[in-house]
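So you can see what is in the structure, the chains are spelled out below.
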Amino acid sequence: MFETPTEMGPTISGEVPPELLAKEILKKFHEKISGRFVIRSENESVEYPVGDDFPNLVENIPATAHLGGSSDVRAGVFDGKVFVVKKARESVSEDIGKNEINTEQLVDEYIADRIYEAMGFYVPESKVYGSGLHKVSKFIPGKDLNTFSSDGVAFGKIKGELQEGFVLDCLLANWDVIGTAGGDNIRLGDDGKVYRLDNGGALRFRAKGARKGDSFGEEVGELETMKRNELFSDISNDEIKRQIEEIVAGQDRIFVAIDTSAKQIDLPIEALDDLKVIIRKRLEYLTIYLGKLKGDEKRKKTDRGSYESIVTNNYFEGWDELEVDGNAGIKDTIRNNIIRAEQMNQSDYERVAVSLGITVEELKTELQRRVEDMVAKADFFRATDINVLERVMNVDGRWMSQFETGSSDGTLNPRFRAKQELNMFGYNATEAPMITRTDDRYGDYGDDLPRSVIERNKEKRPIYGYFSDDIHGVINYEGNIPPPNSVNCYGNINFKIKKERALKKATITFHDSLDYGRDWPPTPAAKPHFTSFNCRYFPTDRGDLESLQKPSQTNWGESYTEVQYHGQLTMDDVESIHISTYNDLTQEDVQRVRTIFSIYKQQHPESTIQLIEF
Amino acid sequence: MNEIYPIAKLGDNVLIINKDDLLYIGKERAFEVKCIKVDLNHKTIDSIIELEKHLKFNPWEEIVTEEERIVILQNLNTKFSDNDILAKIIEPLAENLVKTVNNVND
């Protein structure tokens, strides 16, 4: 795969210049370290001596330079050569509820490294000590991916080689393969090879040490989720098929690598068997996925069928298999709404297509592509008001809607919202059997809504949020902060929802759904349809198709995107909490959030939710 | 006419509407009813926005007694100047009310 060394860097001899004492080596090393790892300009090349032989004892490597990162990673010198020493984390044991040293993560990382090697990819040579207490790797001189300009030739080369391992990254569930800050886990070595430096997020553990649990299961969902990373997003299906075929054909090498490394680190036989079973299941899934990709291509339709467009005809392929959590009948309602909305808005599509000089089908195809792309690259958030924070986190453990805090007879009459949710999702539709919609008057339930439509299942009403491709959930016209978020009038504490959860329980629109939800309806986050985008905005002096790039930058005519979470939104769904004084929080507010978060952590010591201040 | 009406609360936040808009809430034209969110703690007044949007996003509690409404109005008067209350609350709500009335009469 990467057999041919490139001319991109000097070859490392591996010999230690005799005049370089350990002190000098580290001095040079320190000079080149900034932040986590080595930061160097593109044109600079400095030769470092590289370790050949590992010491018998890890204690023989005095760890002197702290490299930061999410675990205890230090550089040290042995026999005049630089090594990187990673120490096992302490974590809370699920069994005994006390802190214990987690040796399994370094073991998993070591096995993942060996699998990469066996399949022809570059990782630092390493050795595990103390059955996983320490992992020592040879230092790789070079430059991290995030030090290259993204429009440069070198970046393109690294990206290309990185992509060649995409399916293997997915198979190993190496969620953090890229790293943070735009690629600090990928390094172009001075030897011209592209290295995966830190595979601590592969197999059973997340990069920061938490167990993935069921998320590392028999299905390789990473083929969809990791493809949303911009470094992987443009991999073609043909390339994915090629990689799957290569891996499946060479799977023996994977199992030999597992067996060999297990022997080297004395992995208990039960653990070895478990790992092999799950890898085997995941390989089977790859085969199924391959068949699906091939089948999809065969099935790709070129006619409209019974729909308004070829795009929609293809969109509904696989609809029956789609899972959408929520109220009974939600999928049927959404499907009907898509069909109705496309018919109803045909004149708008025609007008916009004419103004852009393209056909209606071309417009819909492009809209669908952009809508899918924007949702795919997004994370899902819930803006939360500080006044409900304590209740959500430490009392109820979930978000509530006004349906639960109000009454149907009160001044805050919820009839309008109930009617819209009935229209958009079929919420409590079984309570309104006497009301039928006519074909030409979409969503007209009138004011005579039965009380039971409002009263029933209040606790499972949709909870509203938004989606953005900003890591902190920034969303506004500029796509950055300041200025504050365009949703902060509803709450300026941004809760990021676990993506895998959101994709099952969320629907989306590119606008406020109460206003336009009737005409441009919500569609599943896992399978968005172009009718969720209000094309009446186009063409305007504020935006055009080209402005549909990033969901964080709402410069296409709307102020925000919207997510409707179904079947309750709970703290179990939360990945992290993002706060900033730039988002209209005072220092006192920030302190209050910290306090509430601290109480939550005391109550839920097993929680992996992070509080991130930006 | 032009009587402001605190209608819902969420901690230190209060939603205020024009009292004449009360009859539209929850009805067919509910989305035309505008409100203004006031944060009595941070002493901020938000821009005018559709009431239903706020009600959709957060679990607002109804202000059910006249006594509580009066206390909130008194609080408003102590936290904000008359000019602010007029320019940032009363006038925008009144302008919206006119539009609503016109729409209804169309």
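Residues numbered from 1 in each chain as written. Chains lettered and ligands numbered in written order. Predicted model: local features only at pLDDT ≥ 70, side-chain atom pairs only at ≥ 80, totals over all residues. Heavy atoms only, no water.

## Observations regarding the overall build of chain A
Argument step 1. If you tally the helices and strands in chain A, you get 19 helices and 18 strands.
Argument step 2. Residues classed as buried in chain A amount to 55% of the 614 residues present.
Argument step 3. The contacts of chain A with a sequence gap of at least 6 include a subset with a gap of at least 24, amounting to 71%.
Argument step 4. A total of about 26,000 Å² of accessible surface is found on chain A, and carbon and sulfur atoms cover 48% of it. (Helix = DSSP H or I, 4+ residues; strand = E, 2+ residues; numbered from the N terminus. Buried < 20%, exposed > 50% of the residue type's maximum accessible area, 1.4 Å probe, protein only. Contact = heavy atoms within 4.5 Å. Areas by Shrake-Rupley, 256 points an atom, 1.4 Å probe, with all protein chains shown as cover.)

## Concerning the interface of chain B and chain A
Argument step 1. Taken together, the 29 residues of chain B in the interface contact 35 residues of chain A.
Argument step 2. Across the chain B to chain A interface the summed buried area is about 2,900 Å²; carbon plus sulfur atoms make up 55%.
Argument step 3. When residues of chain B are sorted by the area they lose upon contact with chain A, Lys56(B), Phe57(B) and Glu62(B) head the list and together hold 27% of the total.
Argument step 4. Taken together, the links from chain B to chain A amount to four salt bridges.
Argument step 5. Across the pair Lys56(B) and Asp512(A) runs a salt bridge whose closest N-O atoms are separated by 2.6 Å.
Argument step 6. There are 15 residue pairs in polar contact (both at pLDDT 80 or more) connecting chain B and chain A.
Argument step 7. Only β1 (4-10), β4 (44-50), α1 (51-57) and β5 (61-62) of chain B provide two or more residues apiece to the side of chain B that touches chain A.
Argument step 8. Ranked by the residues each element gives to the side of chain B that touches chain A, the list is headed by α1(B), at six residues.
Argument step 9. Across the side of chain B that touches chain A, the residue classes tally to 13 nonpolar, six polar and ten charged. (Buried area = accessible area lost by both parts, 1.4 Å probe. Salt bridge = Lys/Arg side-chain N within 4 Å of Asp/Glu carboxyl O. Polar contact = N/O pair within 3.5 Å; in protein donor to acceptor, adjacent residues only side chain to side chain. Nonpolar A, V, L, I, M, F, W, Y, C, P; charged D, E, K, R; others polar.)

## Focus: the pairing of strand β6 (residues 126-129) of chain A
Residues and elements named next belong to chain A.
Argument step 1. In this sheet, strand β7 (residues 134-138) lies alongside β6 in antiparallel orientation, the contact comprising four bridges. Bridged to Lys127 within β7 is Val136.
Argument step 2. The loop that links β6 with its antiparallel partner β7 comprises four residues; one of these, Gly130, has a positive phi angle of about 60°. (Pairing = 2+ DSSP bridges.)

## Regarding helix α6 (residues 237-249) of chain A
Residues and elements named next belong to chain A.
Argument step 1. Along its 13 residues, α6 runs 18 Å from first to last C-alpha, staying within 8% of the 18 Å computed at 1.5 Å per residue.
Argument step 2. Among the residues making up α6, those that are buried are Ile240, Lys241, Gln243, Ile244 and Ile247. Buried residues of α6, seen end-on, are gathered within an arc of 165° and therefore sit on one face of the element. Of the exposed residues in α6, the ones pointing more than 90 degrees away from its buried face are Asp238 and Ala249.
Argument step 3. Its buried side turned inward, α6 meets α3 (153-163), α4 (166-171), α5 (222-225), α7 (251-264) and α8 (269-299). (Expected span 1.5 Å × (residues − 1). Arc of directions from axis to C-beta.)

## Observations concerning unusual backbone geometry
Residues and elements named next belong to chain A.
Argument step 1. Its identity is not glycine, yet Asn428 carries a phi of approximately 60°, on the positive side.
Argument step 2. Looking at where Asn428 falls in the secondary structure, it is placed in the loop between α15 (415-425) and α16 (451-455).
Argument step 3. Unusually for a residue other than glycine, Asn457 sits at a positive phi of about 55°.
Argument step 4. On the secondary structure map, Asn457 appears in the loop between α16 and β12 (463-468).
Argument step 5. Overall, Asn457 belongs to the partly exposed group, its relative accessible area being 34%.

## What to know about the packing of aromatic side chains
All names here are of chain A.
Argument step 1. Evaluation of the coordinates by the stated rule reveals 20 aromatic pairs over all chains.
Argument step 2. Summarising the aromatic geometry, the rings of Phe166 and Phe232 are spaced 4.9 Å apart at their centres and angled 50° between planes, so their arrangement reads as tilted. With Phe166 in helix α4 and Phe232 in the loop between α5 and α6, this pair connects stretches of sequence that are 66 residues apart.
Argument step 3. Ring centres 5.0 Å apart and planes at 25° place the aromatic pair Tyr307 and Phe316 in the stacked group.
Argument step 4. The exposure class assigned to Phe316 is buried, which follows from its relative accessible area of 9%.
Argument step 5. Directly above the ring of Phe316 sits Arg335, whose terminal nitrogen or CZ lies 5.0 Å from the centroid. (Phe/Tyr/Trp six-rings, centres within 6.5 Å; stacked < 30°, edge-to-face > 60°. Lys NZ or Arg CZ within 6 Å of the ring centre and 35° of its normal.)

## Structural notes on the state of the cysteines
Argument step 1. Under the criterion given, the structure shown has zero disulfides over all chains.
Argument step 2. Cys489(A) carries a free sulfur, and the closest cysteine sulfur to it, the one in Cys35(B), is 8.9 Å from it. (Disulfide = S-S within 2.5 Å.)

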